[in-house]
Amino acid sequence: MRRQPWRMTFRYAAEGVIYALRTQINMRIHVAAALLVIIAGLILRISRLDWLFVCVAMALVTVAELINTAVEAAVDLISPDIHPLAKAAKDTAAGAVLLAAVFAVIIGIFVFYRPLLTLIRQLM
Ligand SMILES: Nc1ncnc2c1ncn2[C@@H]1O[C@H](COP(=O)(O)OP(=O)(O)OP(=O)(O)O)[C@@H](O)[C@H]1O
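So, how was this worked out
- Residues numbered from 1 in each chain as written.
- Predicted model: local features only at pLDDT ≥ 70, side-chain atom pairs only at ≥ 80, totals over all residues.
- Heavy atoms only, no water.
- UniProt positions renumbered as here; feature names shortened; annotations may be inferred.
- Helix = DSSP H or I, 4+ residues; strand = E, 2+ residues; numbered from the N terminus.
- Near = heavy atom within 4 Å.
- Polar contact = N/O pair within 3.5 Å; in protein donor to acceptor, adjacent residues only side chain to side chain.
- Areas by Shrake-Rupley, 256 points an atom, 1.4 Å probe, with all protein chains shown as cover.
- Nonpolar A, V, L, I, M, F, W, Y, C, P; charged D, E, K, R; others polar.
- Salt bridge = Lys/Arg side-chain N within 4 Å of Asp/Glu carboxyl O.
- Buried < 20%, exposed > 50% of the residue type's maximum accessible area, 1.4 Å probe, protein only.

Undergrad: How should the UniProt feature "transmembrane region" (unreviewed entry) in the protein be read in this particular structure?
TA: According to UniProt, the "transmembrane region" (unreviewed entry) feature falls on residues 25–44, 51–71 and 93–113. Helix makes up 95% of residues 25–44 and strand 0%. Its end C-alpha atoms lie 28 Å apart.

What follows is the structure, encoded as structure tokens:
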């Protein structure tokens, strides 16, 4: 296959992200959650190190969801009929998203627990 110019490579990648956003409600939920986390991080003025953890968690979840979407599309194309391997592929990809989301929640608790508690105490 002929090598694509950089511009087209970025364009196809962006189309992939847009496809996931358009077709996967979970992807939209992850992006909305990421926006809320960014707003909370700005309000609570979390440290640079905490921003690093938060960014890694957000990237992990969205990347896992993109890969899950790709696996789903490929499996539906290759195996439209019921097959145990199709189930294994989809379930494993979904498992990756679940693990990433659990990891992100743990990071969120570590990062936001103290600043949130302090804010609540100040407000009371
Ligand atoms: N071709 C198939 N053969 C066997 N099991 C399948 C097949 N397609 C789907 N499944 C099972 O049904 C579950 C749901 O599949 P589906 O294609 O609806 O994906 P989903 O995880 O619900 O994705 P979405 O994010 O689009 O809702 C899969 O996790 C898998 O266990």
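And the narrative resumes.
Undergrad: Can you help me understand the site of the ligand in this one?
TA: If you check the shell around the ligand, you find Gln 24, Glu 72, Ser 79, Asp 81, Ile 82, His 83, Ala 86, Lys 87, Lys 90 and Asp 91 and nothing else. Between the ligand and the protein, one listed contact pairs a nitrogen atom with a backbone N or O atom of Ser 79 at 3.3 Å. Within the side chain of Asp 91, a nitrogen or oxygen atom sits 2.5 Å from an oxygen atom of the ligand. Protein chains bury 59% of the 610 Å² of accessible surface belonging to the ligand in isolation. Residue contributions to the shell around the ligand peak at four residues, all from helix H4 (residues 84–123). Grouping the amino acids of the shell around the ligand by side-chain chemistry returns two nonpolar, three polar and five charged.

Undergrad: Looking at this structure, I do not really get the pattern of salt bridges. What am I missing?
TA: One pass over the structure, following the stated rule, counts three salt bridges. Put simply, Glu 15 and Arg 11 hold a salt bridge, and the shortest N to O gap is 3.2 Å. With Glu 15 and Arg 11 both in helix H1 (residues 6–23), this residue pair falls four residues apart, about one helical turn. Judged by its relative accessible area of 49%, Arg 11 is partly exposed. Across the pair Asp 76 and Lys 90 runs a salt bridge whose closest N-O atoms are separated by 2.7 Å. Placement of Asp 76 in helix H3 (residues 48–78) and of Lys 90 in helix H4 is noted, with a sequence separation of 14 residues between them.

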